[in-house]
Amino acid sequence: MAEIKEVKLFGMWASPFALRVEWALKLKGIEYEYVNEDIPFNKSEELLRLNPVTKKIPVLVHNGKPLTESLVIIEYIDDTWTEGYSIMPEDPYDRAQARFWAKFADDKCISAMSGVSTSLGEAQQKMLQEAREVFQTLEQALGSKQFFGGDQIGYLDLAIGLFAFWMPILEEIVNVSVVDNENAPLLKEWFARILDVDMIKTSLPPRDKMYELSKQRREQFLSGEISRLN
């Protein structure tokens with residue numbers, strides 16, 4: 001087991017990507033220091049030094065060495081602290097499938113959510129239909145399992161767990177329904193199950209605070225004040 005000399009996570013309280021890493025650290029029982037960055041306008045010099053390439057969070061620092069990209073960090077955590085809870089599937093095929101669906105979620109599902117939130121009128125209706133289809137596709141990876149990881153949460157649950165919290169907030173702000181009992185009933189049930197896991201729900205940011213920030217950033221985007229939501 002790796003000796004814990006220094007584990008530090010640079011994130012931001014509202015970042016679902018930093019939260020992925022927090023969940024992984026907590027599943028493994030790893031003690032860490034959390035540095036809350038003022039994103040996007042006042043990034044610390046330390047963050048820029050640790051991640052000069054993308055200048056984004058999350059950044060995990062272990063023994064002075066920085067790692068970026070949330071999904072990469074989760075795998076590093078599982079590979080480094082090998083005792084106890086296993087995040088990645090043991091079977092190579094299952095690991096490959098988990099990586100595929102995690103990439104699908106990042107490439108397709110996040111884009112679909114953003115499209116619904118940043119469009120209006122007919123354009124929004126088109127994006128809404130596309131979003132429903134994308135999440136119906138994602139539901140195939142879950143099937144009849146309790147969690148994407150099977151009987152317990154795993155890599156893909158950590159990767160996709162952000163939708164269980166942020167999707168209902170987006171739906172409320174925009175007044176639409178993307179994941180519901182008609183469009184994706186199994187995924188809707190998984191939303192409730194994953195949010196009922198103590199380690200997950202106790203790590204979430206305050207919903208009212210998240211709602212206000214998401215609403216504000218959507219209004220800023222639609223008015224042209226900002227060019228992107230994240």
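Position labels on residues start from 1 in each chain and follow its written sequence. A pLDDT threshold of at least 70 governs which residues receive local features in this predicted model, and a stricter bar of 80 or more applies before side-chain atom pairs are shown or counted, although totals over entire chains, interfaces and linings include all residues. Hydrogen atoms and water are omitted, and side-chain values are computed over all heavy atoms in the structure.

Caption draft 1: Spatial organisation of the pattern of salt bridges. Salt bridges, as used here, are contacts in which a Lys or Arg side-chain nitrogen is within 4 Å of a carboxyl oxygen on Asp or Glu. Taken as a whole, this structure holds 9 salt bridges when the rule is applied. Residue lysine 8 is joined to glutamate 46 by a salt bridge in which the shortest nitrogen-to-oxygen separation is 3.7 Å. Taken together, the residues lysine 8 in strand S1 (residues 7-11) and glutamate 46 in helix H2 (residues 45-50) connect sequence positions 38 residues apart. Working definition: with a 1.4 Å probe on protein chains only, accessible area under 20% of the residue-type maximum means buried, over 50% means exposed, and in between means partly exposed. Of the residues examined, glutamate 46 reaches a relative accessible area of 32% and is grouped as partly exposed. Between arginine 20 and aspartate 106 there is a salt bridge whose closest N-O contact spans 2.6 Å. Here aspartate 106 lies in helix H4 (residues 92-117) and arginine 20 lies in helix H1 (residues 16-28), a separation of 86 residues in the sequence. The numbering of helices and of strands both runs from the N terminus, where a helix is a DSSP run of H or I of at least 4 residues and a strand a run of E of at least 2.

Caption draft 2: Spotlight on the domain arrangement of the protein. Segment limits for the domains were obtained from an automatic or database-derived domain assignment. One can read the domain layout of the protein as domain 1 (7-80) and domain 2 (92-222). For domain 1 and domain 2, the distance between their C-alpha centres works out to 22 Å. Taken together, the contact between domain 1 and domain 2 spans 16 residues of the former and 20 residues of the latter. Both faces considered, domain 1 and domain 2 share a buried interface measuring about 1700 Å² in area, 74% of it formed by carbon and sulfur atoms. Of all residues in domain 1, Trp13, Arg20 and Trp23 give up the largest surface area on contact with domain 2, accounting jointly for 39% of the area buried on that side. Across the contact surface, domain 1 and domain 2 share 2 salt bridges. A salt bridge links glutamate 75 to arginine 99, with the shortest nitrogen-to-oxygen separation between them at 2.9 Å. Here a polar contact is recorded for every N or O atom pair within 3.5 Å, except that within protein the pair must consist of a potential hydrogen donor and a potential acceptor, and residues adjacent in sequence are included only if both atoms are side-chain atoms. In this structure, the connection of domain 1 to domain 2 is made through 4 residue pairs in polar contact (both at pLDDT 80 or more). Note on contacts: a residue pair qualifies if any of its non-hydrogen atoms lie within 4.5 Å across the two residues. Buried area counts how much accessible surface, traced with a 1.4 Å probe, disappears from two parts once they are put together, with both parts' losses summed.

Caption draft 3: Just helix H7 (residues 185-195), in detail. Considered for burial, the residues of H7 that qualify are Leu187, Trp190, Phe191 and Ile194. End-on, the buried residues of H7 take up no more than an arc of 110°, which puts them together on one face. Here, the arc refers to the directions that run from the helix axis to the C-beta atoms.

Caption draft 4: Molecular detail of helix H5 (residues 121-142). With 22 residues, H5 ought to run about 32 Å at 1.5 Å a step, and its terminal C-alpha atoms sit 32 Å apart, in line with that. Residues of H5 that are buried include every one of Gln124, Leu128, Ala131, Val134, Phe135, Leu138, Glu139, Ala141 and Leu142, and no others. Buried residues in H5, looked at end-on, bunch into an arc of 150°, giving them a common side. Exposed residues lying more than 90 degrees from the buried face of H5 are Glu122, Lys126 and Gln140. Expected span of a helix, by definition, is 1.5 Å for each gap between consecutive residues, and there is one gap fewer than residues.

Caption draft 5: Spatial organisation of the packing of helix H6 (residues 155-174) against helix H9 (residues 207-222). Packing of H6 against H9 leaves a shortest axis separation of 10 Å and a crossing angle of 55°. In terms of axis orientation, H6 runs oblique to H9. In the packing of H6 onto H9, the handedness of the crossing is right-handed. Packed against H6, whose contacting residues are Phe165, Trp166, Pro168, Ile169, Glu172, Ile173 and Val174, the element H9 presents Arg207, Met210, Tyr211, Ser214, Lys215 and Arg218 at the interface. The residue inventory of the contact of H6 with H9, partitioned by class, reads 8 nonpolar, 1 polar and 4 charged. Here the axes come from fitting lines to C-alpha atoms, over the contacting stretch only for helices, and the angles between their N-to-C directions go from 0 to 180 degrees. Comment on the angle field: the value is read as roughly parallel under 35 degrees, roughly antiparallel over 145, roughly perpendicular from 65 to 115, and oblique elsewhere. Crossing chirality is assigned from the near helix's rotation relative to the far helix, an anticlockwise turn below a right angle marking it left-handed and a clockwise turn marking it right-handed. Only Asp, Glu, Lys and Arg are considered charged in this grouping, and only Ala, Val, Leu, Ile, Met, Phe, Trp, Tyr, Cys and Pro are considered nonpolar; every other residue, Gly among them, is considered polar.

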